[in-house]
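Here are the chains, one letter per residue:
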Amino acid sequence: SWQSCTKYPVVTNMNDLQRGDVISFRGHVGIYLGGGAFIHATSNGGVKISYFDGYYSSTYVGAVRILAD
């Protein structure tokens, strides 16, 4: 699982997210854009920018930082 990743830093706290982090929700993934926004694929095949709200913050699992500054 991504939680046992040793190649890239794992980010478990949403407050520590940085732009470009690959974020994981229960059954869903996206890329963090900053300012509480992330981009992800929708179930109808589109791409959408969403914000952490009650639903997404409650299903947040963690993130992997694959891009370094």
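Scroll up for the structure.
Numbering of residues begins from 1 in every chain and follows the order in which that chain's sequence is written. Local features in this predicted model are restricted to residues whose pLDDT is 70 or higher, and side-chain atom pairs enter the listing and the counts only when it is 80 or higher, whereas totals over whole chains, interfaces and linings include all residues. Only hydrogens and water are set aside; all other atoms, that is, all heavy atoms of the structure, feed into the side-chain values.

1. Considerations on the overall build of the protein chain
Phase 1: Helix numbers and strand numbers start at the N terminus; a helix is a DSSP run of H or I with at least 4 residues, a strand a run of E with at least 2. Per the secondary structure count, the protein chain includes 1 helix and 6 strands.
Phase 2: Moving toward the C terminus, one meets the helices and strands of the protein chain in the order β-β-β-β-β-α-β.
Phase 3: In terms of its C-alpha atoms, the protein chain occupies a principal-axis envelope of roughly 35 × 25 × 20 Å.
Phase 4: Under the scheme applied here, a residue whose accessible area is under 20% of the maximum for its type counts as buried, over 50% as exposed, and between as partly exposed, the area being computed with a 1.4 Å probe on protein chains only. Counting across all 69 residues of the protein chain, residues that qualify as buried make up 33%.
Phase 5: The contacts in the protein chain between residues at least 6 apart in sequence include a share of 47% that link residues at least 24 apart.
Phase 6: With an accessible surface of roughly 4500 Å², the protein chain has 53% of that area assigned to carbon and sulfur atoms.
Phase 7: Counting 5 positive and 4 negative side-chain charges, the protein chain places the centres of these two groups 7 Å from one another. When checking whether two residues touch, look at their non-hydrogen atoms; a contact exists if any pair is within 4.5 Å. Here the open area of atoms and residues is found with the Shrake-Rupley method and a 1.4 Å probe, where only the protein chains shown may cover a residue. Only four residue types enter the tally: Lys and Arg on the positive side, Asp and Glu on the negative side, with His and both chain ends excluded. Taken as the charge centre is NZ of Lys, CZ of Arg, CG of Asp or CD of Glu, depending on the residue.

2. Description of the pairing of strand E3 (residues 28-34)
Phase 1: Here 4 bridges tie strand E2 (residues 22-25) to E3, and the two strands are oriented antiparallel to one another. Its bridge partner being in E3, isoleucine 23 is matched across the sheet by glycine 30.
Phase 2: Counted along the chain from E2 to the antiparallel partner E3, the turn is 2 residues long, and its residue glycine 27 has a positive phi close to 75°.
Phase 3: When E3 meets strand E4 (residues 37-41), the two strands line up antiparallel, connected through 3 bridges. Residue pairing across strands places glycine 34 opposite alanine 37, the latter belonging to E4. Paired strands, in this sense, are two strands between which DSSP finds at least two bridges.

3. Focus on the nonpolar core
Phase 1: Of all hydrophobic cores here, the largest spans 10 residues; its members are Val11, Leu17, Ile23, Phe25, Tyr32, Phe38, Phe52, Tyr56, Tyr60 and Ala63.
Phase 2: Among the secondary structure elements, those contributing two or more residues to this core are E2 and strand E6 (60-64). To form a nonpolar core, buried Ala, Val, Leu, Ile, Met, Phe, Trp, Tyr and Cys residues must be joined to one another through side-chain atoms within 4.5 Å.

4. Details of the sheet that holds E2
Phase 1: As summarised here, the arrangement of the 6 strands in space is E1-E6-E2-E3-E4-E5, forming an open sheet in which the pairing is antiparallel. Both outer strands of the open sheet, strand E1 (10-11) and strand E5 (47-51), are each paired with one neighbouring strand and no more.

5. Examining the pairing of E5
Regular strands have side chains that alternate between both faces of the sheet.
Phase 1: Looking at chain direction, E4 and E5 are connected through 5 bridges and run antiparallel. Note that in E5 the partner of histidine 40 across the bridge is lysine 48.

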